[in-house]
Amino acid sequence: MARLKLLRLSTIIASAGGKKERFLTFINIIIFVSIFALSAALISMYFENEIDKIDNKIINEEKNDLVFANQIQQTPLVLKNIQEIVDLNKLTNNYIDLLSLSPEDSYPIVMERETEFKPFWKLLSLANYVYNNISISLSDAILISNNVNDIEKIEKINLEFKKIDEKKRGIEQKKNVIQNEWAKQERMEFELKESNEEAAEKKMVYYRKLGALSDELTELIELQKIFLIKFNLKFFSEKQKESQKFVKKLQKELEVLSKQESLIILIAFILQLLIFLSVQYFEVTIEGQNAKRTKKKIKFLLY
């Protein structure tokens, strides 16, 4: 009876040992999968964070590229407009000069309004148009500057812009003085009720005073033209090339990071698999040794 009981006990222990082994294997598989999932998630988080940083840099460069493209396209159009208006003004002046060649005692065909007044306002409008474009280009340059060298260039060119600004302000002040004087004269003429001939002559004087500023406006427009060629075309073209090179570099970094992410996850999987197999091997070995010891004890008790 004792031997039968011991035989049953050995069978129960053996079956219990098999269940325990399977249970440990199941637990180890769960642990392996969990650790792998956690490590893969952490690796992915790290690389995704690095990729996001690079993506943000690329997006920022793409925004800057819009500024470069706008200035590179806009500046030649402004220069073209300058040349067209200046050429048209010269052509008109030459035509007016031909019409002005009439006997001194005859009534003039072309009046000062055409020769002095209109050309002045055309040149002033052109100068203001170019000035606004230069102001925008400087603002854009400050916006996209990303190193000390850019700031130094902008500071240097800003000195030239100040000269343009001072010259423009000087012309505006002279124009305002002439217009204020003419406004006072008009009020006086209305009060004194001067003849039409006297009023017309004074108006011609007013036109000639404004026309005298046309030469200064022409000089101002030439300075603005030089500024656009010297700064806008050169600076923004150089920055566009730098940006394109930088974007290519960032794209290569993205490719490298993507490959590294996949490779490191694979390496992590292989290492953890090796650890899992090693643990399983040692557990099986130990369980085998324990089982042998148990069998020896049972045999000893049976005999």
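Residues numbered from 1 in each chain as written. Predicted model: local features only at pLDDT ≥ 70, side-chain atom pairs only at ≥ 80, totals over all residues. Heavy atoms only, no water.

Participant: So what exactly am I meant to see when it comes to the overall build of the protein here?
Facilitator: Within the protein, the regular secondary structure consists of 5 helices and 0 strands. The buried share of the protein, reckoned over its 303 residues, is 28%. Partitioning the intrachain contacts of the protein with sequence separation of at least 6 by distance along the chain shows that 90% fall at a separation of at least 24. Carbon and sulfur atoms form 62% of the exposed surface of the protein, whose accessible area is close to 21,000 Å². (Helix = DSSP H or I, 4+ residues; strand = E, 2+ residues; numbered from the N terminus. Buried < 20%, exposed > 50% of the residue type's maximum accessible area, 1.4 Å probe, protein only. Contact = heavy atoms within 4.5 Å. Areas by Shrake-Rupley, 256 points an atom, 1.4 Å probe, with all protein chains shown as cover.)

Participant: Would you take a moment to explain the pattern of salt bridges for this structure?
Facilitator: One pass over the full model with this rule turns up 11 salt bridges. A salt bridge links Glu-242 to Lys-239; the shortest N-O distance between them is 3.4 Å. In this pair, Glu-242 and Lys-239 both sit in helix H5 (residues 214-302), 3 residues apart, roughly one turn of the helix. Put simply, Asp-150, Lys-239 and Glu-242 are held in one network by salt bridges that share partners. (Salt bridge = Lys/Arg side-chain N within 4 Å of Asp/Glu carboxyl O.)

Participant: Honestly, the environment of Glu-62 in this entry has me stumped. Any pointers?
Facilitator: Of note, Glu-62 is situated in helix H1 (residues 2-100). Classification of Glu-62 as partly exposed rests on a relative accessible area of 47%. Once the C-alpha coordinates of Glu-62 and Gln-244 are considered, the two residues, 182 residues apart in sequence, prove to be 9.1 Å apart.

Participant: Help me understand the nonpolar core in this model?
Facilitator: Generally speaking, nonpolar side chains in soluble globular proteins are found buried as a group. Core analysis: the largest hydrophobic core is formed by 38 residues, its most contacted members being Ile-82, Leu-217, Phe-227, Phe-231 and Phe-236. Elements supplying a minimum of two residues to this core: H1, helix H2 (112-144), helix H3 (148-192), helix H4 (196-211) and H5. The greatest single-element share of this core, amounting to 12 residues, is contributed by H2. Core analysis: the next-biggest nonpolar cluster, separate from the first, contains 8 residues, Ile-43, Ile-51, Leu-250 and Leu-257 among them. (Core = buried A, V, L, I, M, F, W, Y, C linked by side-chain atoms within 4.5 Å.)

Participant: Mind showing me how you'd approach the packing of aromatic side chains here?
Facilitator: The geometry of an aromatic ring pair is captured by two quantities: the separation of the ring centres and the angle between the planes. In the structure shown here, the tally under the stated rule is 12 aromatic pairs. Where Phe-117 meets Trp-121, the ring centres are 6.1 Å apart and the plane angle is 70°; that geometry is what we call edge-to-face. Of the two residues, Phe-117 and Trp-121 both sit in helix H2, 4 residues apart, roughly one turn of that helix. Residue Phe-117 is classed as buried on the basis of its relative accessible area, which comes to 16%. Of the residues examined, Trp-121 reaches a relative accessible area of 27% and is grouped as partly exposed. On the numbers, 6.3 Å between centres and 55° between planes, the contact of Phe-161 with Phe-227 is tilted. Here Phe-227 lies in helix H5 and Phe-161 lies in helix H3, a separation of 66 residues in the sequence. Since its relative accessible area comes to 1%, Phe-227 is described here as buried. Ring pairs connect the aromatic residues Phe-117, Phe-120, Trp-121, Trp-182, Tyr-206 and Tyr-207, which therefore count as one cluster. (Phe/Tyr/Trp six-rings, centres within 6.5 Å; stacked < 30°, edge-to-face > 60°.)

Participant: So what exactly am I meant to see when it comes to the side chain of Lys-175 here?
Facilitator: Tracing the chain through its elements places Lys-175 in helix H3. Using a relative accessible area of 11% as the deciding quantity, one classes Lys-175 as buried. Among all residues touching Lys-175, those that are not within four sequence positions of it are Phe-120, Trp-121, Leu-124, Leu-210 and Leu-213.

Participant: Which parts of the structure should I look at to understand a nonpolar patch on the surface?
Facilitator: On the surface, Leu-38, Leu-42 and Met-45 cluster together into a nonpolar patch covering about 340 Å² of accessible area. Counting through the fold element by element, Met-45 comes out in helix H1. (Patch = residues over 30% accessible without salt bridge, like charges linked within 9 Å, V, L, I, M, F, W, Y side chains within 5 Å.)

Participant: Hey, could you run me through the environment of Thr-218 in this one?
Facilitator: Position of Thr-218 relative to the elements: it lies in helix H5. Look at Thr-218 and you get partly exposed, because its relative accessible area is 39%. Expressed as a C-alpha distance, the spacing of Thr-218 and Leu-126, which sit 92 residues apart in the sequence, is 9.8 Å.

Participant: Is there a simple way to think about the confidence of the model for the protein in this case?
Facilitator: Reading predicted coordinates in detail is not appropriate for stretches of low pLDDT. Mean pLDDT over the protein: 76, with 67% of residues reaching 70 or higher. Highest mean pLDDT in the protein belongs to H2 (87); lowest belongs to H1 (71). In the predicted structure, residues 1-16 sits below a pLDDT of 50 and forms 6 contacts with residues beyond four places in sequence or in another chain. (pLDDT = per-residue confidence, 0-100.)

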